[in-house]
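Commentary on secondary and tertiary structure
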Amino acid sequence: MTGVFESPKSRINAAMVSQFVNKPVCFVGRVEKVHPTGKSFTLSDGEGKMISVELNEPLDEELSGIVEVIGMVSNKGTVMATTYSVFRDEKGIQFDLELYNEALKVLHDFPQHYPFGSSSG
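These notes cover the structure that comes with them. Here the structure is a predicted model, which means the values were calculated and not measured. (Residues numbered from 1 in each chain as written. Predicted model: local features only at pLDDT ≥ 70, side-chain atom pairs only at ≥ 80, totals over all residues. Heavy atoms only, no water.)

On to the layout of surface pockets. Of the pockets and cavities examined, the second largest pocket occupies roughly 180 Å³. Around the second largest pocket, the lining residues are Arg30, Ser64, Gly65, Ile66, Phe87, Arg88, Asp89, Glu90, Ile93, Gln94 and Phe95. Of the residues in the lining of the second largest pocket, the class split is 4 nonpolar, 3 polar and 4 charged. (1 Å grid on protein atoms, 1.4 Å probe; cavity = no way out; pocket = protein on both sides within 12 Å on 5 of 7 lines; lining within 4 Å. Points joined across faces, edges and corners; volume = space filled by probe spheres on them. Nonpolar A, V, L, I, M, F, W, Y, C, P; charged D, E, K, R; others polar.)

Let us now look at the environment of cysteine 26. Structurally, cysteine 26 can be placed in strand 2 (residues 24-34). Classification of cysteine 26 as buried rests on a relative accessible area of 4%. Considered as a pair, cysteine 26 and lysine 9 are 17 residues apart in the sequence and their alpha carbons are 6.0 Å apart. (Helix = DSSP H or I, 4+ residues; strand = E, 2+ residues; numbered from the N terminus. Buried < 20%, exposed > 50% of the residue type's maximum accessible area, 1.4 Å probe, protein only.)

As a further point, take helix 1 (residues 97-109). Spanning 13 residues, helix 1 covers 18 Å between terminal C-alpha atoms, matching the ideal 18 Å at 1.5 Å per step. Every buried residue of helix 1 is accounted for by Leu97, Tyr100, Asn101 and Leu104. When helix 1 is viewed along its axis, its buried side chains cluster within an angular range of 100° and face the same direction. For helix 1, the exposed residues set more than 90 degrees away from the buried face come down to Leu99 and Asp109. Buried positions along helix 1 lie against strand 1 (10-12), strand 2, strand 3 (40-44) and strand 5 (66-73). Where helix 1 begins, the capping side chain belongs to aspartate 96, and its oxygen is found 3.2 Å from the backbone nitrogen of glutamate 98. (Expected span 1.5 Å × (residues − 1). Arc of directions from axis to C-beta. Contact = heavy atoms within 4.5 Å. Polar contact = N/O pair within 3.5 Å; in protein donor to acceptor, adjacent residues only side chain to side chain.)

Following this line, the structure appears as structure tokens:
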């Protein structure tokens, strides 16, 4: 099986999770809650829908703001994270999660123009 880093990753929002079970994905969302163990956290997408993320190792830093997670979607609809990146605000400019969500919809509505997904057509 090809690893998450070697495979094409579809960018998804929470509404798309069920379509990508056992597939590598990239999810960008706002940190809503971190489990006390640090081994999972909850993100909200640009529509305010929630998704759970599970980690192999506990967090070694405080997590807040916008985070990009790369991982595989489990049968439970949880993203099993391989890695994550925190988006830092640049000079007071905040990441527009709602606009990002709209861009995702365009990518998925017109895959013939944006062939970035994991389909092998």
